[in-house]
Amino acid sequence: MSLLFKADQNYVDLGEINLKKNVANYSYERKFSLKYEPWMSGATLEIFFFQGKRESKSPFEKKVLAKGVIAPQLMVKLGAVYPDEPIPSVGLFIPTGIERGVTQKEEFTFVYELGSSAFKLSVANQETLRKIDAFLENNPSIQEFKITGIQSPEPAEGKNSALGANRAESAKKALKTRMQTLSDSQIRMDSRRNDWFDLRLLLGDYKGISTNRKEELYTILTNQETYLEQTDRLKKVPGFSQIVQDLYPKLRVAKIEISATSRTGLDMRQSIRLKESLLSSDGTNSLSFAEWSLAAEASQSLEEKAVIYSKMTEFFRSALPYNNMAVVRMRQAQRTLDQESKEVLWEEALRLLQQAIRIEPNPYTLHNQGQILALEGKYWDSYLKLSEAASLTQNPEFLQQNEALRGALDILRGDYKLATLRFDFKFSDPKDYFNKGLAYYMINDFATASTAFEESVVHGRVFGYGYYGLAMIAAASGQHEVAMIHLKKAIEANKQLANLAFQDPAFEELRSSKDFFSGSTQN
């Protein structure tokens, strides 16, 4: 009898196994420790039985013992870029220390006619445009700009499954006509359908029903039933027809969420002096360190930031320009698919970071060294750098990002309990909530894991992994219908997850269902 762990192009021969004869049967026990390689995710563990002496190469019988590798921890997000996924932002700039304008976040709504995605300059939409203009006039430095198209549960809205996405596109077109400096790279697009999330938000301020009735509705909207099952239950709640009349029209919308600050960078006079200094070859500089730093921070272009930080190294002996220029190189590496170019940029970034450390040891530079090492797969070296960085500061904003990356590495190292302690922050990035959920999932704390995965969904539905985590929990709990719903949403949001789902042992039972293949499409 022999064991073989094999895929299409690779295999590991685990050798022969001797059977132990018992009274009425035979048994065997062997343990193997193999270094994980990517091909193993699609491999099968097969046992071959040979009758009598093993003179023939053909086995008498063979059986598949297991498929794939049960290792959810390998899904942890460390900042690497994957096709069809949003590019993660890596690296930490050393802040200038200049007091910034307070970041303001506001939500605006464009309304649409029933079943339509055509943007019309109605009185309501004109007023929304006026409010957006006023907001950006006071807060011109945009940090985040997100458009979400939504369609209501009304039959006329559900005929077109792309209605929400089309509304988001029409809102984007209307806004770009008015705001020509707004680039596509600044805008995040999303859409929702067959989802009660927005109705739950509207119910919060709705006065048309009693508190007890509202609680009854919340119970239905947050249970683990399917969308259609929830719909049937909602219709049976007394007074729901009034909610349909009052609130459904408010779901025929596109939501615009803008985060921006009042700080605009340099004024006109300072900008002219900056240009003169950049073009000068004789070492002339008429700007202060703070003004240079402010100009670099305010720039939306990585290339322009690099030019400014490079020039700063000629005028000032400071860790800031070296560190921040290294972050620019790290983020440029994120935007190239060519691995050789990526490694060249990482190498340059590491040289710049080493120079920054020579000038002044600081937590930001150590964190950035750790981030690059993590991307290179040097996990233990990365962990040491991040641990050293954590010992140099108590800044909560820094620690939030540094601990999130340390927690991700803890998951890979198998120290899940310690990882859960790293995620005791309020994050804004969906990948951090996904990693948090993964840590709790690995210790079978499904309740806390579910909450974290849901937060990942709220902070970034297009990310998809939050839905995937919820599907894993549902599958582990035997809720196959719920798992299928979440898995379908995950794949709709992120096509890369289709390949993962078709190999993941967590969904082995689901793959035996016809619904699995009709509800998802393998790439």
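Each chain has its residues counted from 1, running along the sequence as written. Per-residue local features of the predicted model are confined to residues with pLDDT of at least 70, and side-chain atom pairs are confined, for both listing and counting, to 80 or more; whole-chain, interface and lining totals are unaffected and use all residues. Side-chain numbers come from the whole structure's heavy atoms, not from hydrogens or water.

### Notes on the sheet that holds strand 5 (residues 44-49)
Then, in step 1: Spatially, 2-1-5-6 is the arrangement adopted by the four strands of the open sheet, whose pairing is antiparallel. Every other strand in the sheet has two partners, leaving strand 2 (11-16) and strand 6 (61-67) as the edge strands with one partner each. Each strand axis lies, on average, 20 degrees off the axis of its neighbour in the sheet, ignoring direction.
Then, in step 2: Taken together, the five bridges between strand 1 (residues 2-6) and strand 2 define a ladder with antiparallel strand orientation. Each residue of the ladder has a partner; that of Phe5, found in strand 2, is Val12. The criterion for strand pairing is that DSSP finds at least two bridges linking the strands in question. Helix and strand definitions here come from DSSP, where helices need a minimum of 4 consecutive H or I residues and strands a minimum of 2 consecutive E residues; each element is numbered from the N-terminal end. Helix axes are fitted only over the stretch in contact, all axes being lines through C-alpha atoms; the angle between N-to-C directions runs from 0 to 180 degrees.

### A closer look at the sheet that holds strand 8 (residues 141-150)
Then, in step 1: If you walk across this open sheet you meet the four strands as 7-10-8-9, and the pairing is mixed. One side of each edge strand has no neighbouring strand; the edge strands of this open sheet are strand 7 (104-111) and strand 9 (187-192). Averaged over all pairs of adjacent strands, the angle between their axes in this sheet comes to 20 degrees, without regard to strand direction.
Then, in step 2: Pairing between strand 7 and strand 10 (residues 253-261): eight bridges, direction antiparallel. Opposite Phe108, over in strand 10, you have Ile256 as the bridge partner.

### Let's talk about helix 10 (residues 302-315)
Then, in step 1: In this model helix 10 runs 20 Å from its N-terminal to its C-terminal C-alpha over 14 residues, within 8% of the 20 Å that 1.5 Å per residue would give.
Then, in step 2: We call a residue buried when its accessible area falls under 20% of the maximum for its residue type, exposed when it is over 50%, and partly exposed in between, using a 1.4 Å probe and counting protein chains only. The complete set of buried residues in helix 10 reads Leu302, Lys305, Ala306, Ile308, Tyr309, Lys311 and Met312.
Then, in step 3: In this structure Ser301 caps helix 10, since a side-chain oxygen of it lies 3.3 Å from the backbone nitrogen of Glu303. What a helix should span is 1.5 Å times the count of its residues minus one. Polar contacts here mean pairs of N or O atoms no more than 3.5 Å apart (in protein, one a potential hydrogen donor and the other a potential acceptor; neighbouring residues in sequence count only if both atoms are side-chain atoms).

### Some points on the pattern of salt bridges
Then, in step 1: Each salt bridge in this description consists of a side-chain nitrogen of Lys or Arg and a carboxyl oxygen of Asp or Glu lying within 4 Å of one another. Under the counting rule described, the total for this entry stands at 25 salt bridges.
Then, in step 2: Of the charged contacts, one joins Lys6 and Glu46 as a salt bridge, the two residues approaching to 3.8 Å between their closest N and O atoms. Placement of the pair is Lys6 in strand 1 and Glu46 in strand 5, with a sequence separation of 40 residues.
Then, in step 3: A salt bridge links Glu376 to Lys378; its shortest N-O distance comes to 3.6 Å.
Then, in step 4: For Lys378, a relative accessible area of 42% gives the class partly exposed.
Then, in step 5: Shared partners join several salt bridges into a network, and the residues in it are Glu403, Arg406, Asp410, Arg413, Asp415 and Arg422.

So, to be careful, I would describe these as geometric facts and stop short of saying anything about function.
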